[in-house]
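# Structure at a glance
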Amino acid sequence: MSGPAASAVRRATLVLLLSALIWGAMIPVLGDLAQHYDKWLLAWLRYLLGMPVLWLAMLATKRPVARPRPLHAGQLLQLGAAMTAFSVFYTFGVAHAHPATAAIVLMCGPIWATLLARLMLGARTPPGFALTLALVVAGGILVVLGAPGRASGGFGLRGGEILLVVAQLCWSWYSIRAQQWLADRGQIALSALTSTAASVLLGLVCLVVWATVGIDWPTEIPSAVDIGMMAWVGVLGVAVAIVLWNVGVSMVGVAVASLFSNSAPVFAIGVAALMGIEPTWLQLAGGAVVMAGIAQLQLRQMRRSQQ
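An account of the accompanying structure is given in this report. All of these numbers come straight from a predicted model, not from anything done at the bench.

Check the secondary structure of the protein chain and you find 12 helices and zero strands. Taken from N to C terminus, the helices and strands of the protein chain fall in the order α-α-α-α-α-α-α-α-α-α-α-α. Taken over 307 residues, the protein chain has a buried fraction of 47%. A sequence separation of at least 24 residues applies to 91% of the contacts in the protein chain between residues at least 6 apart. Carbon and sulfur atoms make up 70% of the accessible area of the protein chain, which amounts to about 14900 Å² in all.

Pasting the structure below:
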């Protein structure tokens, strides 16, 4: 591998860490918003706020030199459905699982992404991947176990765990198929098109929820702080982070990219600390393990690229 390959590894590392930073910072922000607003409305609002930013970014960027393949409505619908399914299964999974058990299942996301990439693409993992996978999963579990105020006692299985696994498989499937079907349009256009499809489908889901179990509509005008936090999770959490994620997947594949997603809780610890929630030593140790695992894989990749 040549110098440009090493540069590509560094760029992939940067964009994926940035996406993890945004998603990690979004965790405490969403947690605060969820105390005052219906979670279904928040899920839909995220896409609605992020969608205009994505379309403006797409219009401001140069179109690909080569003419892209025709856009197939069926493929776009499938991608939007996968994003919507992720949101729905994730919501119900978290609601019907022990919080600690749910977080541990989510930390195993790189395992499901690796298996799916192998089944769909026959993708081979780079040297050192197995060690990194073990480190990021173990470190992520330490972060969960060390969360301040975590209830003691057995975790238990409540049925939502399988929904969380399905949610992660939906997101990995989306990440793989989006690159196969829409990568020739550019990552910004890919993100804009799929997020728009997801926002429409999520809107329909919200209508169904409203008609069946009901939705708690806000009774007061949101404060300036709430509006700012909503803009954060929509503009950054959807528009920017999804573009960064798709760029990273296009460069290193979904299996390696998924390893970086386990660093999101590490960044969440830092944001929570800024909000006055001190991290525990177990969280700090887990975060160090996660980052060490990612660092060793990237160092291996960069050494190989210089040979």
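Of all hydrophobic cores here, the largest spans 54 residues; its most connected members are Trp23, Leu33, Tyr174, Ile242 and Trp245. Take this core: its biggest share by element is nine residues, from helix 9 (residues 224-252). If we skip the residues at most four places from it in the chain, Tyr174 touches Leu79, Ala82, Met83, Leu190, Thr194, Ile242 and Asn246. Ranked by size, the runner-up nonpolar core spans six residues in total, among them Leu41, Val88, Val209 and Ile215.

Running from N to C, helix 2 (residues 39-60) and helix 9 cross one another at 60°; their axes reach a closest spacing of 7 Å. Classified by the interaxial angle, the pair formed by helix 2 and helix 9 is oblique. For the pair helix 2 and helix 9, the sense of crossing is right-handed. Touching Leu45, Arg46, Tyr47, Leu49, Gly50, Val53 and Leu54 of helix 2 are Met230, Ala231, Val233, Gly234, Val235, Gly237, Val238, Ala239, Ile242 and Val243, all from helix 9.

Another aspect to go through is the environment of Ser172. The topology assignment puts Ser172 in helix 7 (residues 160-182). A residue is classified by how much of its surface remains accessible, and Ser172, at 6% relative accessible area, is buried. Along the sequence, Ser172 and Thr114 sit 58 residues apart, while their C-alpha atoms lie 8.9 Å from each other. Beyond its immediate stretch of four places on either side in the chain, Ser172 contacts Ala113, Leu116 and Val254.

On to the environment of Val252, then. Inspection of the secondary structure assignment puts Val252 in helix 9. For the pair Val252 and Val9, spaced 243 residues apart in the sequence, the C-alpha separation amounts to 7.9 Å. Look past the residues within four positions of Val252 in its chain and what remains in contact with it is Ala12, Leu16 and Ala257.

As a further point, take helix 10 (residues 254-261). The element helix 10 is extensively covered by neighbouring structure, given that seven of its eight residues are classed as buried. Within the span of helix 10, buried status applies to Val254, Ala255, Val256, Ala257, Ser258, Leu259 and Phe260.

Glancing now at the packing of aromatic side chains. Applying the stated criterion across every chain yields a total of eight aromatic pairs. Geometrically, the ring pair formed by Trp23 and Trp171 is edge-to-face, given 6.4 Å between the ring centres and 80° between the ring planes. Residue Trp23 is found in helix 1 (residues 3-34), and its partner Trp171 is found in helix 7; the two are separated by 148 residues along the sequence. Each member of the pair, Trp23 as well as Trp171, carries the same accessibility label: buried. Ring plane angle 80° and centroid distance 5.8 Å describe the contact between Trp173 and Trp181, whose orientation is recorded as edge-to-face. Of the residues examined, Trp173 reaches a relative accessible area of 21% and is grouped as partly exposed. Taking the relative accessible area as the measure of exposure, Trp181 reaches 18% and is therefore buried.

Let us look at the side chain of Asp226. On the secondary structure map, Asp226 appears in helix 9. Although buried, Asp226 forms no salt bridge, and the nearest oppositely charged side chain, Arg46, lies 15 Å from it. Excluding residues within four positions of it along the chain, Asp226 makes contact with Leu33 and Tyr37.

This next bit is on helix 8 (residues 187-212). Spanning 26 residues, helix 8 covers 37 Å between terminal C-alpha atoms, matching the ideal 38 Å at 1.5 Å per step. Remark: Gly214 follows helix 8 within two positions and exhibits a positive phi of approximately 90°.

A few words now on the packing of helix 7 against helix 8. The geometry of helix 7 relative to helix 8 is characterised by a closest axis approach of 11 Å and an angle of 120° between their N-to-C directions. Put simply, helix 7 runs oblique to helix 8. Here helix 7 and helix 8 pass one another in a crossing that is right-handed. Counting all contacts with helix 7, which are made through Tyr174, Ala178, Gln179 and Leu182, the residues of helix 8 involved are Gln187, Leu190 and Thr194. Partitioned by chemical class, the residues of the contact of helix 7 with helix 8 number four nonpolar, three polar and no charged.

This brings us to the pattern of salt bridges. Summed over all chains, the structure comprises one salt bridge. For Asp184, the salt bridge goes to Arg69, with nearest N and O atoms at 3.7 Å. In this pair, Asp184 sits in the loop between helix 7 and helix 8 while Arg69 sits in the loop between helix 2 and helix 3 (73-95), placing the two residues 115 residues apart along the sequence. What makes Arg69 partly exposed here is its relative accessible area of 44%.

Calculation criteria
- Residues numbered from 1 in each chain as written.
- Predicted model: local features only at pLDDT ≥ 70, side-chain atom pairs only at ≥ 80, totals over all residues.
- Heavy atoms only, no water.
- Helix = DSSP H or I, 4+ residues; strand = E, 2+ residues; numbered from the N terminus.
- Buried < 20%, exposed > 50% of the residue type's maximum accessible area, 1.4 Å probe, protein only.
- Contact = heavy atoms within 4.5 Å.
- Areas by Shrake-Rupley, 256 points an atom, 1.4 Å probe, with all protein chains shown as cover.
- Core = buried A, V, L, I, M, F, W, Y, C linked by side-chain atoms within 4.5 Å.
- Axes fitted to C-alpha atoms, helices over the stretch in contact; angles between N-to-C directions.
- Parallel < 35°, antiparallel > 145°, perpendicular 65-115°, else oblique.
- Left-handed = near helix turned anticlockwise from the far one by under 90°.
- Phe/Tyr/Trp six-rings, centres within 6.5 Å; stacked < 30°, edge-to-face > 60°.
- Lys, Arg positive; Asp, Glu negative; His and termini not counted.
- Salt bridge = Lys/Arg side-chain N within 4 Å of Asp/Glu carboxyl O.
- Expected span 1.5 Å × (residues − 1).
- Nonpolar A, V, L, I, M, F, W, Y, C, P; charged D, E, K, R; others polar.

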